[in-house]
Structures are given as structure tokens and as C-alpha cells.
Amino acid sequence: MKISDKLQHSDWKDKITWSYEFFPPKTSTGIQNLYNRIDRMKEWGYPMFVDVTWGAGGSTSDLTPVIVNVAQKDFQLDTCMHLTCTNMSGEMIRTALKKAYDTGCRNVLALRGDPPKNETEWTQAEGGFRYAADLVRYIKKTYGDEICIGVAGYPEGYSPGDDIDRSISHLKEKVDAGASFIVTQMFYDADNFIEWVKKCRERGISVPIFPGIMPIQAWDSFIRRAKWSGVKIPQHFMDALLPVKDNDDDIRERGAELMVQFCRKLIDNGITRLHFYTMNLEKAVKMIIERLGLLDKELQEVTKKPENELTTNRT
Ligand code: FAD
């Protein structure tokens, strides 16, 4: 089912929802572990959809559609396939989209992609696309309303020091080209995100925005991911985590509490579509969803409805 239709469905419309991102593992054991994990995660907390990343530089062009197929057909989950333009000729993009469509996948996250490893400049593949907006236009032209298109948003800019207004203009271009929802880059600064959503709304971006939530599993990965994605770490995160950085259990426990507070702030501001970067792990995600009380169906009902986000959950 398309995410845009699901958002209007009574089972999901006025609820706090969550969704899971997974990436294609490198080994066959890793793939089997992922399937087992998806199966378990679906049992304890049914996600609105799961999305599967497209390996950097097109490296998982075979595997991503296979995982999408298994999640869609065997696990009966609604899926969203990521698709990037890096190293992807027009023919390869056509094939990838057809494979996804044929498996029943009706959602694609259209991305430009980063430059290939060891390259700093991004170059367009033969017959391929330059920007994510071009890929959105192509999918829209080819599949019309058959595929629901999502795009990436960057609450702190594409990279540190980026001009936020300019990055919102690029986001608007992607939405105007036909995107029906936005998934954001991970972030820890909830206040900045809430302000960014307001700016997007003021600029006429009215599609649903799924905040990218990265659970904290260990100190090293927490720091590495924040650095890699160039996002700010609020001081209260550092104050809570730095003193216990060498104790994995304490980091997980304090990390879960911080992320629960973070999610509550988003929910209190009407942002109800929680999107988890699982990193193919379940424990930290489960701790957050459980502590938010969302596994209790009644608590999942949205009780607070400020104007800035809920009114724009139309597509
Ligand atoms: P775009 O929005 O097209 O922007 C790319 C660059 O072009 C930016 O610097 C932007 O400023 C500039 N730009 C855009 N439009 C214009 C224009 N009209 N004129 C001039 N400049 C313009 N990467 C993967 O490899 N695989 C994944 O599965 C994946 N999943 C992701 C999921 C999410 C939610 C996010 C936030 C990122 C993901 N990425 C993934 C990373 C993403 O591919 C990179 O961040 C990439 O550098 C930008 O992709 P984009 O789709 O946002 O590009």
C-alpha cells in the first residue's frame, strides 16, 4: 500500500506511528539474521512501513530489491525502496523500479546519492539523473500515482554550514516535482527540527515529514554517526553520556532515556510519524517504543494536535 494512502487510513491516521529503516547486510548469515529480526520486530510493534537502503554507489542494486521483496511478500509489510542516482544509468534505474513495482512495493525514496567511495565530485551516469528532483520527475512521469515517492530532508542542511533556506528550496523543488512525503536525516536537536518543520510549512511544503531517529547503542557509534552526518549534539546529550562512555549498558540506558524525551518533545509538537534508523538492530528501538508507551494501543492515539504538523498530514 502507498504510504500516502496509509496516512489517510483509519488504522493509522490519528495514531502515533513508527517505521523502520534497514540496510542490506554483506553476508548471507547477516541477511538471514535481518529476516529473523524483521519478523520479531513486526511481532512486537507493527511498523507503518519498512524501508531498505540502496548501497552507496549502487552497490546493492541486486540485494535491495530482494530484501524489499521478502519484506513485502513473506512478511506482508508495506515497503519503501531507496533508490539513488550514483553510478545508475537510465536503464539500471528503469530495471530497479520495475523490480520493486513487480514485487508489490509501492513506495520509493528517491535520492541523488553521495559520490562513489574515494571520489569527491558527484558525476551523472550515462542516461541517468543529476538531482533527486530529476528522479522524482521520472518516477512520476513513468508510474503516475502508482508509486508514492518520498525524498530526503535535512533539518541542519545537507552539510555543516549549509544555507538552510537554500536547502529548503531544493526540498521544495523535490516536493513540487511529485514527492508525497519527506524522511529526514538523523538529528538530535529536537528544537531545531521543530523550527525547521515550521520553516518548511511557511515555504509551502505541506507533505508529511518523517523525522529520522537514530537510537543510541554505544558511545563510539553515537559520536561517529553524528560526525559522519554532520549533525549537532545538544549539550545535555553530552552531559548525560560522556560520564558513562565506557559502560555500554549505561550508555544504552541513558541513550534510551534521552531518545524517549526527544521523541516526547516531537510528539508534543504534533510530529507523530517516528522513523527509526534501526541499523539492523532491535533492542534500542524497542526500548524507545516501549517506554513511550506506544505498544499500548490506547496511548498510541494522538491526544495533542497542535497546528504545525497534524494539519499537514494530508497528501
Ligand atoms: P538532492 O536533494 O538532489 O541534493 C544533492 C545536492 O545537490 C545537494 O548538495 C543540493 O544542495 C544540490 N541540489 C539539489 N537540487 C539542486 C538544484 N536544483 N540546483 C543546484 N543544486 C541542487 N544514500 C545512499 O547512498 N543510499 C541510501 O539508501 C540513502 N538513504 C538516505 C535516506 C535519507 C532519509 C537521507 C536523509 C539520506 C540518504 N542517503 C542515502 C544519503 C543521500 O544520498 C546523500 O545525502 C546525498 O548527498 C544527497 O541526496 P539527496 O537525494 O538529498 O540529493
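No experiment lies behind these values; they were computed from the predicted model shown.

Enquirer: Describe the overall build of the protein chain, naming the residues involved and giving the relevant values.
Expert: Along the backbone of the protein chain there are 13 helices and eight strands. Since a compact globule built from 315 residues should have a radius of gyration of about 20 Å, the 19 Å found for the protein chain is in line with a globular shape. Principal-axis analysis of the C-alpha atoms gives the protein chain an extent of 50 × 45 × 40 Å. For the protein chain, buried positions account for 57% of its 315 residues. Partitioning the contacts of the protein chain with sequence separation of at least 6, the portion at a separation of at least 24 is 79%. Positive and negative charge centroids in the protein chain, built from 43 and 45 side chains respectively, lie 2 Å apart.

Enquirer: Report on the pattern of salt bridges, specifying residues and quantitative values.
Expert: Taken as a whole, this structure holds 18 salt bridges when the rule is applied. Here Arg94 makes a salt bridge to Glu91, at a shortest N to O gap of 3.3 Å. Of the two residues, Arg94 and Glu91 are both situated in helix H4 (residues 90–103); the distance of three residues between them amounts to about one turn of the helix. Here Asp246 makes a salt bridge to Lys245, at a shortest N to O gap of 3.6 Å. You can call Lys245 partly exposed: its relative accessible area is 33%. Ionic contacts of the salt-bridge type, sharing partners, join the residues Arg37, Arg40 and Glu282 into one network.

Enquirer: Which residues make up the side chain of Thr184, and what values go with them?
Expert: Topologically, Thr184 is positioned in strand E6 (residues 181–186). The class for Thr184 is buried, based on a relative accessible area of 1%. In terms of polar contacts, Thr184 uses its side chain to reach the backbone amide nitrogen of Gly212, at 2.9 Å. Apart from residues no more than four positions distant in its own chain, Thr184 is found in contact with Gly153, Pro155, Phe193, Trp196, Ile209, Phe210, Pro211, Gly212 and Tyr277.

Enquirer: Please provide a residue-by-residue account of the confidence of the model for the protein chain, values included.
Expert: Low pLDDT means the predicted coordinates in that region are not meant to be read closely. Taken over all residues, the pLDDT of the protein chain has a mean of 93, while the share at 70 or more is 96%. Of the regions scoring below 50 in pLDDT, residues 307–315 engages in 32 contacts with residues more than four places distant in sequence or in other chains. Here the prediction assigns the complex a pTM of 0.95, and the interface score ipTM is 0.99.

Enquirer: Let's hear about the pairing of strand E5 (residues 148–153): which residues, and what values?
Expert: Among the six residues of E5, six are classified as buried, and the element is accordingly described as predominantly covered. Covered by surrounding structure in E5 are Cys148, Gly150 and Ala152 together with Ile149, Val151 and Gly153, the residues of both alternating faces. Where strand E4 (residues 107–111) meets E5, four bridges bridge the pair, whose relative direction is parallel. Each bridged residue has a counterpart across the sheet, and for Asn107 the counterpart in E5 is Cys148. At this point the chain moves from E4, through helix H5 (residues 132–143), to the parallel E5, and the crossover so formed is right-handed. Bridge analysis of E5 against E6 gives four bridges, and the strand direction is parallel.

Enquirer: I'd like a rundown of the sheet that holds strand E1 (residues 17–22), residues and numbers included.
Expert: Spatial ordering of the closed barrel is given by E1-E2-E3-E4-E5-E6-E7-E8, a layout of eight strands whose pairing is parallel. Adjacent strand axes in the sheet meet at a mean angle of 25 degrees, parallel and antiparallel pairs treated alike. Sheet topology note: the E1/strand E8 (residues 273–277) ladder contains five bridges and is parallel. Bridge pairing links Thr17 to Arg273 in E8. Lying on the sheet, H4 is in contact with strand E3 (79–84) and E4; it crosses E3 at an angle near 175 degrees. Running at roughly 180 degrees to E5, helix H6 (residues 164–176) makes contact with E5 and E6 of the sheet.

Enquirer: How would you explain the nonpolar core if you had to name every residue and give the values?
Expert: By size, the foremost hydrophobic cluster in this structure holds 101 residues, and its most contacted members are Tyr20, Ile139, Tyr188 and Leu274. Setting aside its immediate chain neighbours within four residues, Tyr20 contacts Met41, Trp44, Gly45, Pro47, Phe49, Val50, Asp51, His275, Phe276, Thr278, Val285 and Ile289.

Enquirer: Mind laying out the site of the ligand, listing which residues take part and the relevant values?
Expert: Neighbouring the ligand are 23 residues, the closest being Trp54, Asp114, Tyr154, Tyr158 and Lys174. Note that an oxygen atom of the ligand is positioned 2.7 Å from one of the side-chain N or O atoms of Asp114. When the ligand is considered free in solution it has 970 Å² of accessible area, and contact with the protein chains removes 82% of it. Elements represented by at least two residues in the shell around the ligand include exactly E3, E4, H6 and E6. Among the residues making up the shell around the ligand, the classes are represented as eleven nonpolar, seven polar and five charged.

Rules and cut-offs
- The residue numbers shown here count from 1 along each chain, following its written sequence.
- Local features in this predicted model are restricted to residues of pLDDT 70 or higher, and side-chain atom pairs are both shown and tallied only at a pLDDT of 80 or more, whereas totals for entire chains, interfaces and linings draw on every residue.
- Calculated side-chain values reflect all of the structure's heavy atoms, with hydrogen atoms and water omitted.
- Secondary structure counts use DSSP, requiring at least four H or I residues in a row for a helix and at least two E residues in a row for a strand, with both numbered from the N terminus.
- The reference for a compact globule is 2.2 Å times residues^0.38; the radius of gyration itself is calculated from the C-alpha atoms.
- Only protein chains enter the area calculation, which uses a 1.4 Å probe; residues under 20% of their type maximum are buried, those over 50% are exposed, and those in between are partly exposed.
- Any pair of residues with heavy atoms lying within 4.5 Å of one another is described as a contacting pair.
- The convention is simple: Lys and Arg are positive, Asp and Glu are negative, and His and the chain ends are not counted.
- We put the charge of a Lys on NZ, of an Arg on CZ, of an Asp on CG and of a Glu on CD.
- Salt-bridge detection follows one rule: a side-chain nitrogen of Lys or Arg within 4 Å of a carboxyl oxygen of Asp or Glu.
- Counted as a polar contact is a pair of N or O atoms within 3.5 Å, where, for protein atoms, one must be capable of donating a hydrogen and the other of accepting one, and residues adjacent in sequence contribute only when both atoms are in side chains.
- Each residue gets a pLDDT score, which is the predictor's confidence in that residue and runs from 0 to 100.
- Strand pairing follows a simple DSSP-based rule, namely that at least 2 bridges must link the two strands.
- Whether a crossover is right-handed depends on one test, that the path from the first strand over the helix to the second runs clockwise when the strands point away from the viewer.
- Only the stretch in contact is used when fitting a helix axis, every axis being a line fitted to C-alpha atoms; angles between N-to-C directions are given from 0 to 180 degrees.
- Only buried Ala, Val, Leu, Ile, Met, Phe, Trp, Tyr and Cys residues count toward a nonpolar core, and they belong to the same one when joined by side-chain atoms within 4.5 Å.
- One heavy atom suffices: a residue is near a molecule or strand as soon as one of its heavy atoms comes within 4 Å of it.
- We get accessible surface area from the Shrake-Rupley algorithm with a probe of 1.4 Å; when it comes to residues, only the shown protein chains can shield them.
- Gly is put with the polar residues, along with every residue not named as nonpolar or charged; the nonpolar set is Ala, Val, Leu, Ile, Met, Phe, Trp, Tyr, Cys and Pro, and the charged set is Asp, Glu, Lys and Arg.

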